[in-house]
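Structural characterization, general
Residue strings, one per chain:
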Amino acid sequence: MLNFIYILVTLVTWYYAGLYYSPVLMAVAVSEVLFYVVMLFQVIYLRGKMEAVFRDHAVVCRIFSDERVRVRVSSKAGIPVPRYALNMRFSFMKGANESKTYVGGLEDNEEREVSLSVTPVHLGVMTVALKPVKVYDYLSLFSMRHGRKTDMRIYVLPARRIPEHSMISWHEDPVNQSESHPDRGEEPPEITDIREYREDDPVRRIDWKLRVGSDDLYVREYEKPSYRSMAFYADRRGAFPDIRWRDAYYDLIYTMITGLVDEYDYVKLSFTGASEEIKAFSPDDCDSFMLALYSADADDDAESREAVGVPPEGCAVFGRDLKLMIDGNLIRVYSKEDMK
Amino acid sequence: MENDHMSPLVMIIPGLAVAGIYLFLGSMGGVGFIPVVSAIPAVFAAFVMWLLYEKFDRIGFLMSFCAIAVMGAVFVFLCRPVWQQMVMLPYALFINESSDPVDVTLGVMFLMFMLTILVFLTENVLHIHWFMYMFMSWILVVSPVVGMNAGVTTVFLFTAFNMVLWAMYGMSARRLMPTRYHTDERYRERVVLKTGVVMGIAAVFVFSTALMTVRLTGSGLYNVSLAMESGLKNLLASFGIGDNGISGTINRGNVYPLSTRALEIRTSQQPEGSIYLRGFSGGDYESIRGVWEENTDVYIYSAAMRRGALPGDVSGDYIDGIYYQAASDRSETIDMDVVRLEDQSMMFRPYLSVLNENTGLAYDTYSLSFTEMRGPYLEGSRNGAYREFEKVYKGLADTAYTAVPEKGLEGVRGLIDAYDLTGDEDPMIISALIYAILDNNAEYSTRPGFTPVNKDPVEYFLTESHRGYCQHYASAAVLMYRMCGVPARYAAGYVVGPDDFTDNGDGTWRVSVTGAMGHAWPEIFMEGYGWVPIEVTPASYAPDTYPGLDASFLEGLFANGGGIESMKRSKYAFTSDELAPGFGVHAGILLATGVMALSLIISIRKRRRGKVVSKGNALSREYAGYVRNLHDKALGVGYDGSEKGFPSALAVEMSEFEVSDPSDLALCTDAARRAVLNASFGDRDVSKEDRERVRAFGKKVRELIRKSRESKKA
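The rules behind each value
- Residues numbered from 1 in each chain as written.
- Chains lettered and ligands numbered in written order.
- Predicted model: local features only at pLDDT ≥ 70, side-chain atom pairs only at ≥ 80, totals over all residues.
- Heavy atoms only, no water.
- Helix = DSSP H or I, 4+ residues; strand = E, 2+ residues; numbered from the N terminus.
- Buried < 20%, exposed > 50% of the residue type's maximum accessible area, 1.4 Å probe, protein only.
- Contact = heavy atoms within 4.5 Å.
- Areas by Shrake-Rupley, 256 points an atom, 1.4 Å probe, with all protein chains shown as cover.
- Pairing = 2+ DSSP bridges.
- Axes fitted to C-alpha atoms, helices over the stretch in contact; angles between N-to-C directions.
- Polar contact = N/O pair within 3.5 Å; in protein donor to acceptor, adjacent residues only side chain to side chain.
- pLDDT = per-residue confidence, 0-100.
- Buried area = accessible area lost by both parts, 1.4 Å probe.
- Salt bridge = Lys/Arg side-chain N within 4 Å of Asp/Glu carboxyl O.
- Nonpolar A, V, L, I, M, F, W, Y, C, P; charged D, E, K, R; others polar.
- Core = buried A, V, L, I, M, F, W, Y, C linked by side-chain atoms within 4.5 Å.
- Parallel < 35°, antiparallel > 145°, perpendicular 65-115°, else oblique.
- Left-handed = near helix turned anticlockwise from the far one by under 90°.
- Expected span 1.5 Å × (residues − 1).
- Patch = residues over 30% accessible without salt bridge, like charges linked within 9 Å, V, L, I, M, F, W, Y side chains within 5 Å.
- Lys, Arg positive; Asp, Glu negative; His and termini not counted.
- Charge placed at Lys NZ, Arg CZ, Asp CG, Glu CD.

Topic: the overall build of chain B
Of regular secondary structure, chain B possesses 23 helices and 16 strands. Within chain B, the fraction of its 714 residues that count as buried is 50%. For chain B, contacts bridging at least 24 residues in sequence account for 73% of all contacts bridging at least 6. Only carbon and sulfur atoms are counted for the fraction: they give 58% of the accessible area of chain B, which is about 34,000 Å².

Side note on the sheet that holds strand 18 (residues 329–333) of chain A
Residues and elements named next belong to chain A. The strand order 15-14-13-16-17-18 describes an open sheet built from six strands, whose pairing is mixed. Sheet topology places strand 15 (278–280) and strand 18 at the edges, where each strand pairs with a single neighbour. Each strand of the sheet is rotated relative to its neighbour by a mean of 25°, with strand direction disregarded. As defined by bridge partners, strand 13 (residues 229–234) adjoins strand 16 (residues 316–318) across three bridges and the pair is classed as parallel. Note on strand 16: the bridge partner recorded for phenylalanine 232 is alanine 316. Most of the contacts of helix 4 (residues 243–263) go to strand 13, to which it runs at about 170°, and overall it touches strand 13, strand 14 (266–271), strand 15, strand 16 and strand 17 (323–326). Together, strand 13, strand 14 and strand 15 form the strand contacts of helix 5 (residues 283–299), whose direction differs from that of strand 15 by roughly 145°.

Regarding the side chain of glutamate 535 of chain B
Residue and element names in this part refer to chain B. Among the secondary structure elements, glutamate 535 is positioned in the loop between strand 16 (530–533) and helix 18 (551–559). Glutamate 535 gets classed as buried once you look at its relative accessible area, which sits at 1%. Among the polar contacts made by the side chain of glutamate 535, one reaches the main-chain amide nitrogen of threonine 537 at a distance of 3.2 Å.

Quick look at the confidence of the model for chain A
Chain-level pLDDT for chain A is 80 on average; 83% of the residues reach the 70-or-more range. Confidence drops under pLDDT 50 across residues 169–186 of chain A; counting only partners more than four residues distant or on other chains, this segment forms 30 contacts.

What about the interface of chain A and chain B?
The parts lose accessible area when they come together, and the size of an interface is often stated as this lost area. Taken together, the contacts link 44 residues of chain A with 56 residues of chain B. Between chain A and chain B, the buried area comes to about 4,500 Å², and carbon and sulfur atoms account for 71% of it. Considering only the side of chain A, the residues that lose the most area to chain B are Tyr20, Tyr21 and Phe35 of chain A, jointly responsible for 17% of the buried surface there. Our enumeration of links across chain A and chain B arrives at two salt bridges. In this structure, the salt-bridge partner of lysine 194 of chain B is aspartate 108 of chain A, at a minimum N-O distance of 3.0 Å. Summed over the shared surface of chain A and chain B, the number is seven residue pairs in polar contact (both at pLDDT 80 or more). Elements represented by at least two residues in the side of chain A that touches chain B include exactly helix 1 (2–19), helix 2 (23–49), strand 4 (81–93), strand 5 (96–106) and strand 6 (110–118) of chain A. Tallying contributions element by element places helix 2 of chain A first for the side of chain A that touches chain B, with 13 residues. Tallied by class, the residues present in the side of chain A that touches chain B amount to 30 nonpolar, eight polar and six charged.

Here we look at the nonpolar core
Across soluble globular proteins, nonpolar side chains show a tendency to be buried alongside one another. Leu86 and Phe232 of chain A are the most contacted members of the largest nonpolar core, which totals 144 residues. Broken down by element, this core gets its largest block of residues, 14 residues, from helix 7 (residues 152–169) of chain B. Every residue in contact with leucine 86 of chain A, bar those within four places of it in the chain, is listed here: Ala52, Val71, Val73, Lys100, Thr101, Tyr102, Val114, Leu130 and Val133 of chain A.

Brief notes about the sheet that holds strand 6 of chain A
All names here are of chain A. On the basis of which strands lie adjacent, the open sheet formed by three strands has the order 1-3-6 and antiparallel pairing. In this open sheet, the two edge strands, each paired with only one partner strand, are strand 1 (50–54) and strand 6. Between one strand and the next, the sheet's axes are offset by a mean angle of 25°, whatever the strand orientation. Of the strand pairs in this sheet, strand 3 (residues 67–75) and strand 6 are connected by nine bridges, and their pairing is antiparallel. In the strand pairing of strand 6, valine 73 is matched with arginine 112. Against the sheet, helix 2 engages strand 1 and strand 3, with an angle of about 40° to strand 1.

Observations regarding the packing of helix 1 (residues 12–27) of chain B against helix 7 of chain B
Residues and elements named next belong to chain B. Helix 7 packs onto helix 1 with a crossing angle of 160° between their chain directions and a minimal axis gap of 8 Å. Comparing the axis directions of helix 1 and helix 7 gives the class roughly antiparallel. In this structure, helix 1 meets helix 7 at a crossing whose hand is left-handed. Residue-level contacts link Ile13, Leu16, Ala17, Ala19, Gly20, Ile21, Leu23, Phe24 and Ser27 of helix 1 to Thr153, Thr154, Leu157, Phe158, Ala160, Phe161, Val164, Leu165 and Met168 of helix 7. Partitioning the contact of helix 1 with helix 7 into residue classes produces 14 nonpolar, four polar and no charged.

Structural notes on helix 7 of chain B
In a regular helix each residue adds 1.5 Å, so 18 residues correspond to 26 Å; helix 7 of chain B covers 25 Å between its end C-alpha atoms and thus fits that length. Burial of helix 7 of chain B is extensive: 17 of the 18 residues sit out of reach of the surface.

Digging into helix 4 of chain A
Relative to the 30 Å expected for 21 residues at 1.5 Å per residue, helix 4 of chain A spans 30 Å between its end C-alpha atoms, a close match to the ideal helical length. The distance from a side-chain oxygen at the start of helix 4 of chain A to the backbone nitrogen of arginine 244 of chain A is 3.1 Å, and the residue carrying that oxygen is aspartate 242 of chain A.

Examining the pairing of strand 7 (residues 124–130) of chain A
Residue and element names in this part refer to chain A. In terms of residue burial, strand 7 counts as a mostly covered element, since six of its seven residues are buried. Relative to strand 10 (residues 150–157), strand 7 is paired through seven bridges, and the arrangement is antiparallel. The residue bridging threonine 127 from the neighbouring strand is arginine 153, located in strand 10.

Focus: the pattern of salt bridges
Side chains that differ in charge, positive against negative, can pair when their charged atoms come close. Under the definition given, this model contains 27 salt bridges over all chains. Close ionic contact of arginine 72 of chain A with glutamate 111 of chain A constitutes a salt bridge, the shortest N to O distance being 3.9 Å. Taken together, the residues span a long stretch of sequence, with arginine 72 of chain A in strand 3 and glutamate 111 of chain A in strand 6 at a distance of 39 residues. Two residues, aspartate 670 of chain B and arginine 673 of chain B, come together in a salt bridge whose shortest N-O distance is 3.5 Å. In this pair, aspartate 670 of chain B and arginine 673 of chain B both sit in helix 22 (residues 662–681), three residues apart, roughly one turn of the helix.

With respect to the side chain of histidine 122 of chain A
Residues and elements named next belong to chain A. Its place among the elements puts histidine 122 in the loop between strand 6 and strand 7. A relative accessible area of 14% means that histidine 122 is categorised as buried. Looking at histidine 122, its side chain comes within polar contact range of the side chain of aspartate 247, at 2.6 Å. In this view, histidine 122 contacts Ile63, Phe92, Val156, Ile243 and Asp247; residues no more than four positions away in its chain are not counted.

A short note on a positive patch on the surface
All names here are of chain A. Taken together, the side chains of Arg89, Lys131, Arg145 and Lys149 define a basic patch exposed on the protein surface. Note that arginine 145 resides in strand 9 (residues 143–146). Under the relative-accessibility criterion, arginine 145 is labelled partly exposed at 33%.

Considerations on a nonpolar patch on the surface
All names here are of chain A. A cluster of nonpolar side chains, Met1, Phe4, Ile5, Leu8, Val9 and Val12, forms an exposed patch at the surface whose accessible area comes to about 570 Å². Examined against the element boundaries, valine 9 turns out to sit in helix 1. Relative accessible area serves as the criterion here: at 34%, valine 9 is assigned to the partly exposed category.

Here it is in structure tokens:
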């Protein structure tokens, strides 16, 4: 539109100059023509000097948090870049896309980090596609893109909240009875050794009494592991009807496993297609599990998920139909409305 | 609310605008003011506004602005010469045509003062950029329409202002540089200002190139716009839109005759010469508007009747008919049937014609008889009666058809007054004089360009544009005839040449009269001949179009200027210089300015870089001094301060002196090392933080040395 207006203004000026035989107006008209050509070359020049890439390949955030997508924009041009546009497309899944454009300017020979705020409203992996940077000339008559399309991922985790124990409504450990922790009141297992704290040791095994008299931390070694545990399996087979369904699926899983982690000593977490199970001792471990689950969902397709076996026996299985099963017994059927 | 900090550089934009308008006023002929002095209030106003904006908050600024406005109003009210000159300014700009400009220095001073405040307010405070953009564009577009010839520098400033403004803010500031995405306003301001400076320099180069291009190409560029207009007119004509009518209004623009048919004529034989089909003959002339009113023969007729000088056997269109009827006595008569194809109220008739019959008041079709005349013809039986009437008519026509407007034609009158005429010259001598004046001062062109709305088209034709076609030539000739005391009328209609006729094969001839045959010519009243058409348009000139006059006599007369020696002047001729007056000089000045501006910016950048290097060197020296101090105290030996491992090695080495936090020492040292590296090899300026980092390192060094001393003592 601006281009059209400019050409129209030039033609009118030229026409006017001719009708009134006005040399100065004719000079204005010729200037406008020359500027048009200059702007075309200018945008070609600036285009070759501009580059824009994501600063991070991936970031992790919580749902509804204010996250910033950071892009490094650089110009090697000897003149300022008055206007460039970064067009980003935020995709959660098919049918749930959003585009945002950042418009800015750069000084000559400058690299600058710009950020665009985004508030994720869905769970899972949000893909942000950055189109090649669009550069404008000084009069914004022309624009050209340069570079290649790049992607980054935003892993959107559910919000942390106080776990609800009733999500999985039984307290008897159906598996690993031999490893289960004795009920309160029974004799604790015998301590075989006390050693210095190592980074991977669970915090609960720190001997705080010894810590009082020393600057170092010590942990207790028991006779045999006697943790009370639970196994949880996220069944990834099937497809989500819509984005809200997927949100509910992720949110329910997260709520269940954080509740289990709080209730049990640890929880063995796994999902369809996982190479190994994750032992979750804390909510942070649950976050790691969710990230692994998101990655798996984002990377493979439905066909490959179907090919990867069935859930193992003896664990709580939560499927994409929002049904919780244990040993083939239906425990509870959730709905989208159960998402917090 | 606090005002944003405003860089003095933002005054570039309003400065360009005000300077452009100032020069524009100066280039107007009717306005006179003392240069430089009258610009001082503008500079003062800009400084005051900037100072107020910087010192006060928004409310304070607006209150100050209101106070200035009130003071200005009171000042104008009390100072009578100021408001008198303000009132005189439009008169001086648009009306005063005299060579004596009106002195409006005080008015211009006040106008510049107010204009500066207004531009400052709209541009820098309210950020309403479109206002000034449209205003400047409006001045550029309107100035030629009202005959204001803005100078090259003025137009350059206007163009530069518009281009720089477009580049800096675009048609919408929000669209181009959306502040909602920018948290760093100062950064945004820097980019915008730098863009403006680059664009301004580009404007200098581009405009000077354009000036040279206009000079080199001559009329070629103008022909492009004429071709555009022609194409537009033809396009409109294809849709039946276009005025092909014959009237007394002088066209103020270019002429593009349409090929649409106006009349269909059938004659009993092929005419020997061109037939002038007159449809309109003018009376009084209205200057500036350039309109010929209908002739006043009806009043002459009434006056003649009152005197009893009207022959009783003449009827119908009597006034002109006297001559045709006299001619009808002659034997060589051509019969003509005319069919009018366009919706016009005029009847187009050849000279010396008699209306045989017509089909109605609208004259859709009519039949005529006319005779081609080559000599005096009032020799028939009715000679006596017509001679008598002719004397009466001539006496009245000498008054009615010699009237010339008093104003608006001073230039034309000056051309006549240049010759010492006694007023008794023969009309043929006057004809030769007028022909020579036209030949010397004008060039035939159907594309003379537009006449400014406030100028008379004849005056503009002979004194400024020097280009015109039949309407201009005829009107100019009529007015000059009248100025010389010869009764003359403006006539308009069609001219059909003998070759335009085609043989029907049945002894009759036919011609389709189109808009392209439209023409205008003067006619003068000559005793014994009546109203005689005179052809003065060079493109149509032919000796045989002077009915009743000897062609060889006329040619001889025109060749020697009718015996008036001073008529022999060099013919007016256009050169490319007139299309681009002094452009070479202006282009050179602009180009030189651009080169100087560019050199200045390059040198500033170089100096700035030099300063950066210098600052970087100073920082390196300071850092090196601290490292040397360490070495002097036998600390950090083996390291020169630039190694990557220097900070951690220093921290380990110094741990023996009970440094409170070795990691802090390492971090501090590393930060200083990085700051020095950046100052020496980085691509940005030495920042305040860089200096602080190095000084923090220096502080640590002093602490280390002190502890080392204490440790040795212990």
